Amino acid sequence: MKDKVHFSPVILDPNTASRCLYLSDDLTSVRNGDTEQKLPDNPERHTKYPEILGSEGFSSGKHSWEVEVGDHPDWNVGLAKESVDKDAELASPEYGYWCLLHRDGKYTNVVGETVTVQKSLQRIRVQLDYDRGEVSFYNSEDMTHIYTHRDTFTEKLLPYFGVGKSAGSTTTDIKVCQSEIRLLTSE
């Protein structure tokens, strides 16, 4: 007998969420709201920018997950080191971020260079090879490579999401896509 189980490879950490970010009940999607929530002041909370981290980090091995961005106009998707500078002016390796950014219809890599894509990205695969020091981004629809950033990682990396205002787009939430796993069971 075969059963299917759905799970999310990344669960968002509400303790790191900016006050303007609203999470789904299952902690797999996030949107930028119109008002700030009253949330506890804890040291891991992002207070300057609308950002959130995943609840589980990686210190070795290969990991990947997909993020649905739809037509959302303003987002960052990638990884941040555990001790990331939450007040950094730029999401760059210098401050502990490795991500793909989308603003004003343009895609840029983590060092500010424009990234060319064949068509507007709806869903992105983030792939980490910690031991080789690589963070890669792919268009999930056809697995077209977008870009790879190489670095030396020395501490735990966490999934990272920056979510700007949706500005009238049909997509308001950035969602971590669920994966399907088949379980083989015997009676």
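Preceding this section is the structure that the text describes.
Anyway, here's the lowdown on the structure attached to this text.

Conventions and cut-offs
- Residues numbered from 1 in each chain as written.
- Predicted model: local features only at pLDDT ≥ 70, side-chain atom pairs only at ≥ 80, totals over all residues.
- Heavy atoms only, no water.
- Pairing = 2+ DSSP bridges.
- Helix = DSSP H or I, 4+ residues; strand = E, 2+ residues; numbered from the N terminus.
- Axes fitted to C-alpha atoms, helices over the stretch in contact; angles between N-to-C directions.
- Salt bridge = Lys/Arg side-chain N within 4 Å of Asp/Glu carboxyl O.
- Buried < 20%, exposed > 50% of the residue type's maximum accessible area, 1.4 Å probe, protein only.
- Polar contact = N/O pair within 3.5 Å; in protein donor to acceptor, adjacent residues only side chain to side chain.

So, about the sheet that holds strand β6 (residues 75-81). With antiparallel pairing, five strands are arranged side by side in an open sheet as β4-β12-β6-β7-β8. Bordering the open sheet on either side are β4 (51-53) and β8 (106-108), each of which pairs with just one other strand. Strand-to-strand twist in this sheet, taken as the mean axis angle between neighbours without regard to direction, amounts to 15°. Sheet topology places β6 next to strand β12 (residues 157-163); seven bridges connect them, and they run antiparallel. Bridge pairing in β12 links N76 to G162.

Let's shift gears to the pattern of salt bridges. On inspection of all chains with the given rule, the structure shows eight salt bridges. Here R125 and E66 are joined by a salt bridge, their closest N and O atoms 3.0 Å apart. Of the two residues, R125 is situated in strand β9 (residues 123-129) and E66 in strand β5 (residues 62-68); the sequence distance between them amounts to 59 residues. Taking the relative accessible area as the measure of exposure, E66 reaches 15% and is therefore buried. In this structure, the salt-bridge partner of E134 is R132, at a minimum N-O distance of 3.6 Å. Classification of E134 by relative accessible area gives buried; the value is 13%. A single salt-bridge network, built from bridges that share partners, covers E66, R123 and R125.

With that settled, consider the side chain of N109. With respect to the helices and strands, the residue N109 is situated in the loop between β8 and β9. We classify N109 as buried; its relative accessible area is 8%. At 3.0 Å, the side chain of N109 forms a polar contact with the backbone nitrogen of V111.

In this section: unusual backbone geometry. Positive phi, close to 50°, is recorded for D104, a residue that is not glycine. Within the secondary structure, D104 sits in the loop between β7 (97-103) and β8. Of the residues examined, D104 reaches a relative accessible area of 75% and is grouped as exposed.

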